[in-house]
Amino acid sequence: MMISKAIHQAISKTTASKVAYALRQFSSTLPTSSSFDKVGIIGLGLMGHGIAQTAATAAAQSNLHSSIIAYESDESFLTRGKDRIQSSIDKLVSKGKFSNEDAEAIMGKIEFTTDRVALSDADFIVEAIIENMDLKKTLYSELGKECKPSTIFASNTSSLSITEMALASSRPQNFVGVHFFNPVQIMKLVEVIRTDHTDPEVFDKTMAWVGQIGKVGVTCRDTPGFIVNRLLVPNLMQAILMLERGDATTKDIDISMQLGAGHPMGPLHLADYVGLDTCLYIMQGWVKDFPGEGAFVVPKILEEKVAKGELGRKSGKGFYVWDGEKRGDPAV
């Protein structure tokens, strides 16, 4: 999501070398076979188009899949998603990363459709629709009836319960979470989430697939926020609470975490970059669903800023004043 993009853009060369070393260490532990011939992607928005492109690239380069079925229910959304993939690939061609033949091969692996019947015989389906549990549960209930019994379902949700969706599908043993990070084409990490119902073989196949498309999978139980957001979002809330209490200024909180903890950017800067409305939505959901978890708290100043339309970078003002992508001084 946007959290991971902000971290990526701020990462140093030294940190990048450490990440490369970690990738080599992880690669030796990955399972060796996924056996997914036909892969479906539902939703071609910010995350879905990147997942489709990444899977298609692996399919074209190593014949990993016979086809990628890219599905949107609306023709305009389908066209927009296709254009985003084409634009991304064209940029890679212009930079010399791909040849024109490579680009054609990648796009040729993707079947764009508004007909959900095309997904019925897919071996593995990744869902990347809007973060709305009711919509997801309805979708999985329908897919559970429409797809062949062996189809594995995988949700790209960043914060919703995998277990709840798995039970709605009527095949919880064939259900996992695969949380990619934005931008998918660049970010290496994928959190692979298992529930108490997930078949171990299904989980192993999913981990293998993540490695085969060039990503690094980390395993996690179905816990709120999984690994990254479970650690990161409460940290952002604590920084906001410090500001709310008057313990320290916006600038000093961020500088302290940069210079004292080695973070690429401070927590208030990052909250602005992610979007204060996004931060609020995630934490409000966790507070509602897990009222006994002390780490989940919503600062009043966050609610007030969102109510005033001060959403951070996207609105031009949050904890800082913004000019497009350029961060200015702390907001008054």
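Residues numbered from 1 in each chain as written. Predicted model: local features only at pLDDT ≥ 70, side-chain atom pairs only at ≥ 80, totals over all residues. Heavy atoms only, no water.

Student: Requested: an account of the packing of helix 12 (residues 276–289) against helix 13 (residues 300–307), with residues and values cited.
Tutor: Two elements in contact, helix 12 and helix 13, have axes whose closest approach is 9 Å; the angle formed by their N-to-C orientations is 130 degrees. If you check the angle between helix 12 and helix 13, you find them oblique. Crossing of helix 12 over helix 13 shows left-handed handedness. Taken together, the residues of helix 13 that come into contact with helix 12 (itself represented by L276, D277, C279, L280 and Q284) are L302, E303, K305 and V306. Residues of the contact of helix 12 with helix 13, tallied by class, amount to five nonpolar, one polar and three charged. (Axes fitted to C-alpha atoms, helices over the stretch in contact; angles between N-to-C directions. Helix = DSSP H or I, 4+ residues; strand = E, 2+ residues; numbered from the N terminus. Parallel < 35°, antiparallel > 145°, perpendicular 65-115°, else oblique. Left-handed = near helix turned anticlockwise from the far one by under 90°. Contact = heavy atoms within 4.5 Å. Nonpolar A, V, L, I, M, F, W, Y, C, P; charged D, E, K, R; others polar.)

Student: So what's going on with the nonpolar core? Which residues, and what values?
Tutor: Counting 37 residues, the largest nonpolar core has I41, F124, V126, F180 and W209 as its most contacted members. Other than its neighbours up to four places away in sequence, I41 contacts G48, I51, A52, I68, I69, A70, Y71 and V126. (Core = buried A, V, L, I, M, F, W, Y, C linked by side-chain atoms within 4.5 Å. Buried < 20%, exposed > 50% of the residue type's maximum accessible area, 1.4 Å probe, protein only.)

Student: Account for the packing of aromatic side chains, naming residues and giving values.
Tutor: Under the definition given, this model contains nine aromatic pairs. Their ring planes at 10 degrees and their centres at 4.5 Å tell us that F36 and F124 sit as a pair that is stacked. Residue F36 is found in the loop between helix 2 (13–27) and strand 1 (38–42), and its partner F124 is found in strand 4 (residues 124–127); the two are separated by 88 residues along the sequence. With a relative accessible area of 4%, F36 lands in the buried category. (Phe/Tyr/Trp six-rings, centres within 6.5 Å; stacked < 30°, edge-to-face > 60°.)

Student: Can you lay out the pairing of strand 8 (residues 216–221) for me, pointing to particular residues and giving the numbers?
Tutor: Pairing between strand 7 (residues 189–194) and strand 8: six bridges, direction parallel. Bridge assignment links R194 to a residue of strand 8, and that residue is R221. In this region the chain leaves strand 7, passes through helix 8 (residues 200–212) and returns to the parallel neighbour strand 8; the handedness of that crossover is right-handed. (Pairing = 2+ DSSP bridges. Right-handed = clockwise from strand over helix to strand, strands pointing away.)

Student: Can you lay out the packing of helix 4 (residues 75–94) against helix 5 (residues 100–108) for me, pointing to particular residues and giving the numbers?
Tutor: It is the contact of helix 4 with helix 5, at a shortest axis distance of 10 Å, that shows an interaxial angle of 160 degrees. One element, helix 4, and the other, helix 5, form an angle in the roughly antiparallel class. Crossing angle aside, the handedness with which helix 4 passes helix 5 is right-handed. Of the residues in helix 5, those touching helix 4 at K82, I85, Q86, I89 and V93 are N100, A103, I106 and M107. Looking at the contact of helix 4 with helix 5 residue by residue, the classes come out as six nonpolar, two polar and one charged.

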